[in-house]
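If you want the building blocks of each chain, they are given just below.
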Amino acid sequence: MNEEIQKYTEYCLNCPVKPCSNKGCPLNNDIPAFIKYVKEGNVKEAYKILSKTTVLGSICGRICPHMKQCEGSCVRGIKGEPVKIGEIEAYVFDEALKNKWYKEIEKTDKLEGKSIAIIGGGPAGLTCASFLARNGAKVVIFERTNHLGGILEHGIPEFRLEKEILENTLKSILNEEIYDISVEYEKELGKNLFLDELESKYDAIFLGIGANIPTKMNIEGEELSGVFGGNSILESGEHPSYNGKKVAVIGGGNVAMDCARTIKRLGAKEVFVIYRRAEEQMPAERKEIEEAKEEGIEFLFQNNIVKIIGKDKVEKIECIKTELVQKDGETRKVPVNIEGSNYILDMDYIVMAVGSSPESNIINQLGLELDKWGYIKVDENKRTSNSKIYAGGDVAADKGTVAWAARAGRDAAYSIIENLKNPD
């Protein structure tokens, strides 16, 4: 047993009300129960507990915003430091991957003879596929790229998630000796993959294609060369030379942190994170913010970018300071520009990390009902307007973390199981 992990487990109070699980964890992992088994030295049993609700423990244990989820709800954190739940979870799953305990997961025949199509091999699709396969379904994952993982493969830098961890996790999910899961790569909706053809072949379909089109701020100069989308630049891995350059990253989430830290590591002279709210309002994980600061990234809180200046390419940016104002009907203070506080900064590149949206050219062709923001509309069971098609993750406007995407995939799997066993 790892001595440090043992120390962490002994700090857990094993609360009967389980706020870390019931309030904090998107997947409702039974945290006190699995920690109790680790404390007793029975890591395999701890894995069995966790595997009832998640297949991404090695990943979520490393990259989840724990202080906004499980650890942020830990009773220990009221008067001191919370239990390091993420590190314990990652340890348990790492041991399971190393020892191949996933081959012993119990399988049922609830969906024997049923075939399910999963479109998108990210956290939602992978989780959905795993829970369907362990209930006897034949599952085919259709992936747009040449590798599974979605944001885990194309969006999260290796300094946060090692490729070996992802590869081992994928092996455990596909579980080729036990499950009937196959993968077809380079299959893209609207190009060489069509819903109507899948409907005629499969008993159900799950859409987990993400929402990877960077949101624009619609400010002057945004079309200039040297302006990039945060999601796009992380996914493609195609960066300009940053050596000796100044780069501004706009946004306050984990995508902004990943962009800023990646760009700094690629040789940028100065990297600024510009965020229009206060530091305590940043959606990024606290440890990511602190590590970015330690790496020399400068934060400009309560500042907003209003204009990008240059002839053909980025040369400068115009920013304005903001104040936080409590408005009627708003749950948190709203940033308002302070008139006359404008100033100019020299800049070479801009990365917009202020959100993302679904690919409308694909979504609009699916024949499914959309909400007013252009996301696929689903009911409480993750079912779309087509009763045979389910959706989850970013494309269905679920909360934007890996754990919430995984929860959506798992919920969809449970709904598919129930509906195929007991059709309407």
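Here the structure is a predicted model, which means the values were calculated and not measured.

Enquirer: Summarise the state of the cysteines; cite the residues concerned and give the values.
Expert: Overall, the coordinates contain zero disulfides when judged by the stated rule. The cysteine Cys-20 is free of any disulfide, with Cys-74 supplying the nearest cysteine sulfur at 6.5 Å. Cysteine Cys-60 shares no disulfide, and the gap to the nearest cysteine sulfur, in Cys-64, comes to 3.8 Å. Judged by its relative accessible area of 3%, Cys-60 is buried.

Enquirer: Lay out the packing of aromatic side chains in plain terms, naming residues and giving numbers.
Expert: What the rule picks out here adds up to seven aromatic pairs. Ring plane angle 15° and centroid distance 5.4 Å describe the contact between Phe-299 and Phe-301, whose orientation is recorded as stacked. Residue classification places Phe-299 among the buried positions, given a relative accessible area of 12%. Counting every residue linked through ring pairs, the aromatic cluster contains Tyr-47, Phe-93 and Trp-101. A cation sits over an aromatic face here: Arg-134 above Phe-131, 4.3 Å from the ring centre. Against the face of Phe-159 rests Arg-265, its NZ or CZ located 3.9 Å from the ring centre.

Enquirer: Got a sec to walk through the sheet that holds strand 7 (residues 246-250)? Specific residues and values, please.
Expert: Working definition: the strands of a sheet are paired by backbone hydrogen bonds and lie parallel or antiparallel to each other. If you trace the five strands from one edge of the open sheet to the other, you get 6-14-7-8-9, paired in parallel fashion. Looking at which strands have only one partner, the edges of the open sheet turn out to be strand 6 (227-229) and strand 9 (298-301). Going from strand to strand, the sheet's axes swing by 20° on average, the running direction of each strand aside. Taken together, the three bridges between strand 6 and strand 14 (residues 349-352) define a ladder with parallel strand orientation. Within the sheet, the bridge partner assigned to Val-227 lies in strand 14 and is Ile-350.

Enquirer: Help me get a handle on the side chain of Thr-262, residues and values and all.
Expert: As for its placement among the helices and strands, Thr-262 is situated in helix 12 (residues 254-265). For Thr-262, a relative accessible area of 13% puts it in the buried group. Those residues within four positions of Thr-262 in sequence are excluded, and the remaining contacts are Pro-157, Phe-159, Leu-234 and His-239.

Enquirer: Please set out the nonpolar core residue by residue, giving values where relevant.
Expert: As a rule of thumb, nonpolar side chains are buried together in soluble globular proteins. Membership of the largest hydrophobic core comes to 71 residues, with the highest contact counts inside it found for Phe-34, Val-92, Ile-118, Leu-132, Val-139 and Ile-141. With nine residues, helix 15 (residues 402-421) is the single largest residue contributor to this core. Beyond its immediate stretch of four places on either side in the chain, Val-92 contacts Phe-34, Val-38, Val-43, Ala-46, Tyr-47, Leu-50 and Trp-101. Val-247, Ile-263, Ala-268 and Val-271 belong to the second-largest nonpolar core, a separate cluster that totals 23 residues.

Cut-off values and rules
Residue positions are given per chain, counting from 1 as you read along its sequence in written order. Where totals are concerned, whole chains, interfaces and linings use all residues; where local detail is concerned, this predicted model gives features only for residues with pLDDT of at least 70, and gives and counts side-chain atom pairs only at 80 or more. Where side-chain values are given, they derive from all heavy atoms of the structure, hydrogens and water being excluded. Working definition: a disulfide is two cysteine sulfur atoms within 2.5 Å of each other. Type-normalised accessible area, obtained with a 1.4 Å probe on protein chains alone, sets the label of each residue: buried when under 20%, exposed when over 50%, and partly exposed for intermediate values. Between 30 and 60 degrees the pair is tilted, below 30 it is stacked and above 60 it is edge-to-face, where a pair is any two Phe, Tyr or Trp rings, Trp via its six-membered ring, whose centres lie within 6.5 Å. Both a distance and an angle decide whether a charge sits over a ring: NZ of Lys or CZ of Arg must be within 6 Å of the ring centre and within 35 degrees of the ring normal. Here a strand pair is declared whenever DSSP counts at least two bridges between the two strands. A run of H or I in DSSP becomes a helix once it reaches four residues, and a run of E becomes a strand once it reaches two; helices and strands are each numbered from the N terminus. Axis angles are defined between N-to-C directions and span 0 to 180 degrees, where every axis is a line fitted to C-alpha atoms and, for a helix, only to the segment in contact. Contacts were defined at the residue level, with two residues in contact if any of their heavy atoms lie within 4.5 Å. Nonpolar cores were defined as sets of buried Ala, Val, Leu, Ile, Met, Phe, Trp, Tyr and Cys residues, with membership established by side-chain atoms within 4.5 Å.

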